[in-house]
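Listed here are the chains, written in short residue letters.
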Amino acid sequence: MTGGVRVVEEPDAVAWGRVREVSVVCLVEDPDSPGGAELVLHQRDGRWAVPAGRRAPGEDVWDGTVLRVPLETMGFRRQDTHVFAVLDEGSHVAFWVNGGRYAGTRLHAADVSWWSGSVAAGASLLRSQGDDLAATLVETGEESRRTMTYERRTADGHRTLVGAYLAADTPQGGSGFGGSDAEWREARGVLVDALDPSRSSVRFLDHGCANGHLAVSMADWAREAGIELDPYGVDIAPELVALAIADHPALTSHFFVGDALSWVHPAGERFDLVHVLLDVVPADLHRELIQHQLDHVVAGDGRLVLSEYGDPPSSPSAEAHVTRAGHPVSGRTRQPTRAGRARGFPSVWIDA
Ligand SMILES: C[S@@+](CC[C@H](N)C(=O)[O-])C[C@H]1O[C@@H](n2cnc3c(N)ncnc32)[C@H](O)[C@@H]1O
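Chains are numbered independently. Their residues run from 1 in the order of the written sequence. pLDDT decides what is reported in this predicted model: residues at 70 or higher carry local features, side-chain atom pairs at 80 or more are listed and counted, and totals for whole chains, interfaces and linings draw on all residues regardless.

Description of the overall build of the chain
The helix and strand inventory of the chain stands at 9 helices and 17 strands. Atoms counted for the radius of gyration: C-alpha only. Globule rule: 2.2 Å times residue count to the power 0.38. Taking 20 Å as the expected radius of gyration for a compact globule of 352 residues, we find that the chain reaches 21 Å, a close match to that expectation. Principal-axis analysis of the C-alpha atoms places the extent of the chain at approximately 65 × 35 × 35 Å. In the chain, which comprises 352 residues, the proportion classed as buried is 41%. Any residue pair is listed as a contact if its two C-beta atoms, each placed from the backbone, are within 7 Å. In the chain, the share of contacts with a sequence separation of at least 24, taken over all contacts with a separation of at least 6, comes to 70%. Numbering goes from the N terminus for both helices and strands, where a helix is a DSSP run of H or I of at least four residues and a strand is a run of E of at least two. The exposure scheme places C-beta atoms from the backbone and then counts, for each residue, the other C-beta atoms within 10 Å of its own, assigning buried at 20 or more, exposed at 12 or fewer, and partly exposed in between.

What follows is the structure, encoded as structure tokens:
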């Protein structure tokens with residue numbers, strides 16, 4: 001126990017049915033330090049605070065409360081989600097999440113002031129206000145983040161995404177995208193810029209393919225450009241690969257369960273264009289992720305295209321990630337947009 005805070009090492013250690021309240025330590029990836037993160041706090045009654053709130057009746061804590069509370073208190077959109085402590089005999093749980101400012105249309109607090117800085121500085125600030133428990137929570141959350149294994153991170157990622165993707169009522173929702181068909185096209189359609197126009201046919205593989213919607217959308221968009229694109233996908237979540245196959249039975253042999261960090265085609269096949277969303281692994285593994293694709297997945301004369309869907313200034317661009325990982329960028333797509341306005345970052349490619 002640390003001042004009434006009981007550290008938990010895994011979600012199964014929490015009696016979820018007893019939880020009535022959550023506190024959410026919100027972290028933003030530090031663009032200048034791979035693997036580093038800054039704490040963000042919000043202002044409440046003239047003091048800096050960690051977002052906290054009650055569980056709504058019938059709400060799932062992981063899928064609902066921990067998403068809603070930081071959105072409603074400070075306009076913060078969680079991505080990675082990890083429980084690290086229980087308090088008050090299990091009725092209160094603490095999570096750390098990373099993410100950034102929310103720019104979408106859900107109910108959220110748009111004009112709340114943020115404090116951001118190192119976890120140590122944030123803990124001192126909270127203690128100087130007399131909020132020792134909040135200071136302990138941010139320090140304990142940061143310790144959990146710093147020491148989290150890849151396996152735990154991956155298992156928590158699975159828990160965060162899969163239920164929401166399976167419950168989605170649009171194909172793009174089954175790939176984690178909240179928006180219309182037209183917005184999907186605006187956001188992801190720029191990836192056709194990475195197609196080599198001198199090729200009339202391309203084998204395309206999407207890592208982290210979820211329900212396969214990006215891979216099959218790419219086939220449609222490439223066809224408009226006169227290019228025949230054969231879609232493939234790999235995802236770490238077996239349920240999502242099963243969904244991709246159910247939605248696209250003609251492509252059953254094109255979807256695989258695997259980790260982007262280590263997957264190789266079972267027969268050693270390689271692909272002309274491989275897409276990877278960089279946040280499928282922590283930033284300190286980007287170099288390894290990229291090198292693995294170039295060594296084992298991308299064809300000898302192929303291309304690797306890398307995306308980052310976060311928004312500035314909370315997220316580094318795909319180009320910043322790739323450059324920092326020590327790889328020269330060979331080209332970049334147009335700026336993706338939403339309702340005609342810039343959103344996120346151009347994707348960038350590396351020629352093998
Ligand atoms: C936001 S969806 C991306 C959907 C689509 N590829 C796109 O870019 O719009 C992220 C997917 O990555 C998967 N994923 C997360 N970590 C992964 C990993 N290490 N290897 C492969 N897939 C992973 C998740 O299960 C999820 O389905």
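Moving on from the model shown.
Notes on the site of the ligand
Near the ligand there are 22 residues, and of these Gly176, Gly208, Ala210, Ala260 and Val280 occur at the shortest range. Counting residues per element, the ones that place at least two in the shell around the ligand are α4 (150-167), β9 (201-207) and β10 (228-235). In this count, Pro and Cys sit with the nonpolar residues alongside Ala, Val, Leu, Ile, Met, Phe, Trp and Tyr, while Asp, Glu, Lys and Arg are called charged and the others, Gly among them, polar. Classifying every residue of the shell around the ligand by side-chain character gives 13 nonpolar, 5 polar and 4 charged. By definition, a residue lies near a molecule or strand provided its backbone-derived C-beta atom is within 6 Å of it.

Notes on the pairing of strand β6 (residues 76-87)
Most of β6 is tucked away: 10 of the 12 residues are buried. A pair of strands is treated as paired once DSSP finds two or more bridges between them. Pairing geometry for strand β1 (residues 6-7) and β6, over 2 bridges, is antiparallel. Following the sheet pairing, Val7 is matched in β6 by Ala85. Bridging between β6 and strand β7 (residues 92-101) involves 9 bridges; their strand directions are antiparallel. Paired with Phe76 across the two strands is Arg101, which belongs to β7.

Side note on the nonpolar core
Nonpolar core, as used here: buried Ala, Val, Leu, Ile, Met, Phe, Trp, Tyr and Cys residues forming one set through C-beta atoms within 7 Å. If you look at the biggest cluster of nonpolar residues, it comprises 45 residues, and the most contacted ones within it are Phe204, Phe271, Leu273, Val274, Val276, Leu304 and Leu306. Not counting residues within four places of it along the chain, the set of residues in contact with Phe204 comprises Ala215, Met218, Leu229, Asp230, Pro231, Tyr232, Phe271 and Leu273.

Describing the domain arrangement of the chain
Each assigned domain of the chain is listed here: domain 1 (6-148) and domain 2 (173-351). Between the C-alpha centres of domain 1 and domain 2 there is a distance of 30 Å. Between domain 1 and domain 2, the contact holds 9 residues from the first and 11 residues from the second. Looking at the side of domain 1 that touches domain 2, the elements that each hand over two or more residues are β2 (21-29) and β7. A breakdown of the residues in the side of domain 1 that touches domain 2 according to their chemical character gives 4 nonpolar, 3 polar and 2 charged. For every domain, the bounds stem from an assignment made automatically or drawn from a database.

As for the sheet that holds strand β17 (residues 348-351)
Strands sit in the order β11-β10-β9-β12-β13-β17-β14 across an open sheet of 7 strands; the sheet is mixed. The open sheet has two edge strands with one neighbour each: β11 (255-257) and β14 (331-332). Where β9 lies against strand β12 (residues 271-277), 4 bridges are found, and the strand directions are parallel. Counterpart to Asp206 in the pairing with β12 is His275. Sheet strands touched by helix α7 (residues 238-247): β10 and β11. Its angle to β11, the strand with the most contacts, is close to 170°. The axes are straight lines fitted to the C-alpha atoms, using for helices just the contacting stretch, and the angles between their N-to-C directions are given from 0 to 180°. Against the sheet, helix α8 (residues 286-296) touches β12 and β13 (298-307), its axis set at about 150° to β13.

Considerations on α4
In a helix, the anticipated span is given by 1.5 Å times the number of residues less one. The end-to-end C-alpha distance of α4 is 26 Å, a good match for the 26 Å that 18 residues give at a rise of 1.5 Å each. The angle separating two fitted axes, one through the seven residues that finish at a residue and one through the seven that start at it, defines the bend at that residue. When the local axis directions of α4 are compared, the greatest deviation, roughly 25°, occurs at Leu161. Among the structural elements, α1 (61-74), β6 and α7 are those in contact with the buried residues of α4.

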